[in-house]
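Residue-level structural notes
If you want the building blocks of each chain, they are given just below.
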Amino acid sequence: AQTVTQSQPEMSVQEAETVTLSCTYDTSESDYYLFWYKQPPSRQMILVIRQEAYKQQNATENRFSVNFQKAAKSFSLKISDSQLGDAAMYFCAQLEETSGSRLTFGEGTQLTVNP
Amino acid sequence: KAGVTQTPRYLIKTRGQQVTLSCSPISGHRSVSWYQQTPGQGLQFLFEYFSETQRNKGNFPGRFSGRQFSNSRSEMNVSTLELGDSALYLCASSLEGAPLSPLHFGNGTRLTVT
């Protein structure tokens, strides 16, 4: 069975600084995908970034980048130049190739951005 | 394009009752999936529908059911409500379903069972 673990229930960062959120996962599959989602108080889950397991290159989306360590089954999210609007609950999620839309989520990390 | 619309936003029900939640996907999207979010269990997959057929099902009791209509709108039903069913129910739509297409989530329906 898949598991996704986020060991940091809460994190805080100063505006304009950089913060890294941790995530580890476990799967026996070779084809899978990893995601970071953001859930602000509006409750809507917003896709931040996506990584295909077969790609060695780390995904990047503007200020957001990941450090994907396949052998260690680690998938951390780095937010650079943090902004007040980045404050939210962040979820790491995994999807196996044959699972359709069945995402497995981690417990979440509540990120606070201090002005 | 309008986003994923879930109705109602809030719902209060009594134990033993049943409830129906609605999800209207983004126009053109054929896949709709449902998730339950609780403080204790986190986010858990309920089921996915694609072109009116259930494609995937999570580990929930038979009291949880769903369906999808020809216009891709989806409903989920929970019968014989229990206190533990209190949760945020999130719906996500996708053009072809993950991983081919990204999931777009709605704002959820907050269900409170008293």
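Here's a quick rundown of the structure. (Residues numbered from 1 in each chain as written. Chains lettered and ligands numbered in written order. Predicted model: local features only at pLDDT ≥ 70, side-chain atom pairs only at ≥ 80, totals over all residues. Heavy atoms only, no water.)

1. A closer look at the state of the cysteines
All names here are of chain B. Definition in use: Cysteine sulfur pairs qualify as disulfides if the two atoms are within 2.5 Å. Numbering of helices and strands starts at the N terminus; helices are DSSP runs of H or I of at least 4 residues and strands are runs of E of at least 2. In this scheme, a residue with accessible area under 20% of its type's maximum is buried, one over 50% is exposed, and one in between is partly exposed, where area comes from a 1.4 Å probe on protein chains only.
Here the structure, examined in full by the defined rule, presents two disulfides over all chains. Through a disulfide, C23 is tied to C91; the S-S separation comes to 1.7 Å. On the sign convention where negative is left-handed, the bridge of C23 and C91, at about -55° about the S-S bond, is left-handed. Of this pair, C23 sits in strand β3 (residues 19-24) while C91 sits in strand β9 (residues 87-94); the two residues are 68 residues apart in sequence, bridging distant segments of the chain. Residue classification places C91 among the buried positions, given a relative accessible area of 0%.

2. Description of the pattern of salt bridges
Applied cut-off: A side-chain nitrogen of Lys or Arg and a carboxyl oxygen of Asp or Glu constitute a salt bridge if their distance falls within 4 Å.
Applying the stated criterion to the full structure yields ten salt bridges over all chains. The residue R30(B) makes a salt bridge to E96(B) at a minimum N-O spacing of 2.9 Å. Here the residue R30(B) occupies a position in the loop between β3 and β4 (31-38), and E96(B) occupies one in the loop between β9 and β10 (104-105), the gap between them amounting to 66 residues. A salt bridge links D85(B) to R63(B); the nearest nitrogen and oxygen atoms lie 2.8 Å apart. Taken together, the residues D85(B) in the loop between β8 (74-78) and β9 and R63(B) in the loop between β6 (53-57) and β7 (64-68) connect sequence positions 22 residues apart. Given a relative accessible area of 4%, D85(B) falls into the buried group. Bridged by salt links that share partners, the residues R50(A), E52(A) and K55(A) form one connected network.

3. A closer look at the interface of chain B and chain A
Heads up, the rule is: Residue contacts follow a heavy-atom distance rule, with two residues in contact if any of their heavy atoms lie within 4.5 Å. Buried surface area refers to the total accessible area, computed with a probe of radius 1.4 Å, that the two partners give up upon joining, counted for both partners together. Any N or O atom pair separated by 3.5 Å or less is treated as a polar contact, with the protein-specific requirement of one donor-capable and one acceptor-capable atom, and with residues adjacent in sequence counted only for side-chain atom pairs.
Tallying the contact residues gives 26 residues for chain B and 18 residues for chain A. Buried surface at the junction of chain B and chain A, summed over both partners, amounts to about 1,800 Å²; 50% is from carbon and sulfur atoms. It is L43(B), P99(B) and F105(B) that lose the most area in chain B upon contact with chain A, and together they represent 35% of the buried surface on that side. Applying the counting criterion to the chain B and chain A interface returns zero salt bridges. Our count for the contact surface shared by chain B and chain A stands at 14 residue pairs in polar contact (both at pLDDT 80 or more).

4. Description of the layout of surface pockets
To keep things clear, this is the line we draw: Using a grid of 1 Å spacing that covers the protein atoms alone, one calls a set of points a cavity when a 1.4 Å probe fits there but cannot get out, and a pocket when the set is open and has protein on both sides within 12 Å along at least five of seven lines; lining residues are those with an atom within 4 Å of a point. Grid points are joined across faces, edges and corners, and a volume is the space filled by probe spheres set on the points. Polar here means any residue other than Ala, Val, Leu, Ile, Met, Phe, Trp, Tyr, Cys and Pro, which are nonpolar, and Asp, Glu, Lys and Arg, which are charged; Gly is therefore polar.
One number sums up the size of the largest pocket: a volume of about 690 Å³. In this structure, the largest pocket is lined by 29 residues; those nearest its centre are F105(A), Q41(B), G42(B), L43(B) and Q44(B). For the lining of the largest pocket, the secondary structure elements donating two or more residues are β1 (3-5), β10 (88-96) and β11 (104-105) of chain A together with β4, β5 (42-50) and β9 of chain B. Among the elements that make up the lining of the largest pocket, the one with the highest residue count is β5(B) (four residues). For the lining of the largest pocket, the class distribution of residues is twelve nonpolar, 13 polar and four charged.

5. Some details on unusual backbone geometry
With omega at -10°, the peptide bond leading from T7(B) into P8(B) counts as cis. On the secondary structure map, P8(B) appears in the loop between β1 (5-7) and β2 (10-13). Residue P99(B) is bonded to the preceding A98(B) through a cis peptide linkage, with omega at -5°. If you trace the backbone, P99(B) turns up in the loop between β9 and β10. Unusually for a residue other than glycine, D81(A) sits at a positive phi of about 50°. The topology assignment puts D81(A) in the loop between β9 (74-79) and β10. In this model, T80(B) sits at a positive phi of 45°, which is unusual for a non-glycine residue.

Spatial relationships are all this shows, so hold off on functional conclusions.
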